[in-house]
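Summary of structural features
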Amino acid sequence: MPIISITRLHLRSLRYMPMLSVFTLASALQARRADGFLGGLLGGDAERGAWTMTAWRDEAAMRSFRNIGIHKKAMPHLLNWCDEASFAHWQQTDATLPAPDEAHRRMRAEGRLSKVCHPSPAHAAGETTSKSLPKGALRLVPRAKQ
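Thresholds, definitions, all that
Residues numbered from 1 in each chain as written. Predicted model: local features only at pLDDT ≥ 70, side-chain atom pairs only at ≥ 80, totals over all residues. Heavy atoms only, no water. Helix = DSSP H or I, 4+ residues; strand = E, 2+ residues; numbered from the N terminus. Rg over C-alpha atoms; globule rule 2.2 N^0.38 Å. Buried < 20%, exposed > 50% of the residue type's maximum accessible area, 1.4 Å probe, protein only. Contact = heavy atoms within 4.5 Å. Areas by Shrake-Rupley, 256 points an atom, 1.4 Å probe, with all protein chains shown as cover. Lys, Arg positive; Asp, Glu negative; His and termini not counted. Charge placed at Lys NZ, Arg CZ, Asp CG, Glu CD. Salt bridge = Lys/Arg side-chain N within 4 Å of Asp/Glu carboxyl O. Pairing = 2+ DSSP bridges. Axes fitted to C-alpha atoms, helices over the stretch in contact; angles between N-to-C directions. Phe/Tyr/Trp six-rings, centres within 6.5 Å; stacked < 30°, edge-to-face > 60°.

Structural notes on the overall build of the chain
Scanning the chain from terminus to terminus reveals 5 helices and 6 strands. Overall, the chain shows an N-to-C arrangement of helices and strands of β-α-β-β-α-α-β-α-β-α-β. Its C-alpha atoms give the chain a radius of gyration of 14 Å, near enough to 15 Å, the size a compact globule of 146 residues would have. In terms of its C-alpha atoms, the chain occupies a principal-axis envelope of roughly 45 × 30 × 25 Å. Across the 146 residues of the chain, 42% fall into the buried class. Counting only contacts in the chain whose residues sit at least 6 apart along the sequence, the fraction spanning at least 24 positions is 78%. With the model as given, the accessible surface of the chain reaches about 8100 Å², and the carbon-plus-sulfur share is 59%. Charge centroids of the chain, computed over 21 positive and 12 negative side chains, lie 8 Å from each other.

Shown next, in the form of structure tokens:
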């Protein structure tokens, strides 16, 4: 059964934006080539939060992607760069990505905080999402196997 993964990151300073952008685009390319990747969306919210929504064949495929390559190299930097970080995962019968309001609702209801070294007041209070809905900007499709 497909698994949906959503994440939200908020940078504590805009000075980290160039490197986050590099890691995000490189991770998107990695995802497109990953076995079990079914589709995704990168976007943001009005509070400068960065959102990802991805669909995977199963949890093993998602974890395999997360634990190798450029994505694995990016994760330690996020501890210092971000003042807010959260994620949510769930299984569903198909690989349809959630609408923005559903992603926001799920993150608020089921999201879990990730560790950050410099938490914002919202993160410290246990808030997993922004007030505004995510907006998609870049759709990711699996790369055709050759």
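Digging into the pattern of salt bridges
Evaluated as defined, the whole model comprises 8 salt bridges. In this structure, aspartate 45 and arginine 8 form a salt bridge, with 2.7 Å as the shortest nitrogen-oxygen distance. Here the residue aspartate 45 occupies a position in the loop between strand 2 (37-44) and strand 3 (49-56), and arginine 8 occupies one in strand 1 (residues 3-11), the gap between them amounting to 37 residues. Residue classification places arginine 8 among the buried residues on the basis of a relative accessible area of 2%. Three or more residues joined by partner-sharing salt bridges are found here, namely Glu102, Arg105, Arg106 and Glu110.

Quick look at the sheet that holds strand 4 (residues 82-91)
Pairing between the strands of a sheet comes from backbone hydrogen bonds, and it takes one of two forms, parallel or antiparallel. Read across the open sheet, the 6 strands follow the order 5-4-1-3-2-6; overall the sheet is antiparallel. Edge positions in the sheet fall to strand 5 (112-113) and strand 6 (135-140), since each of these pairs with one other strand and no more. The sheet contact formed by strand 4 and strand 5 spans 2 bridges and is antiparallel. Note on strand 5: the bridge partner recorded for serine 86 is leucine 113. Its contacts with the sheet place helix 1 (residues 17-33) against strand 1, strand 2, strand 3 and strand 6, and it is angled at close to 160° to strand 2.

Topic: the packing of aromatic side chains
A complete count under the given rule lists 4 aromatic pairs for this structure. Taken together, a centroid distance of 5.9 Å and an interplanar angle of 50° make the contact between phenylalanine 23 and tryptophan 81 tilted. With phenylalanine 23 in helix 1 and tryptophan 81 in helix 3 (residues 69-81), this pair connects stretches of sequence that are 58 residues apart. We classify tryptophan 81 as buried; its relative accessible area is 9%.

Overview of the environment of methionine 19
Here methionine 19 is to be found in helix 1. On the basis of relative accessible area, methionine 19 is assigned to the partly exposed category, the value being 41%. For the pair formed by methionine 19 and alanine 55, sequence separation is 36 residues and the distance between their alpha carbons is 25 Å.

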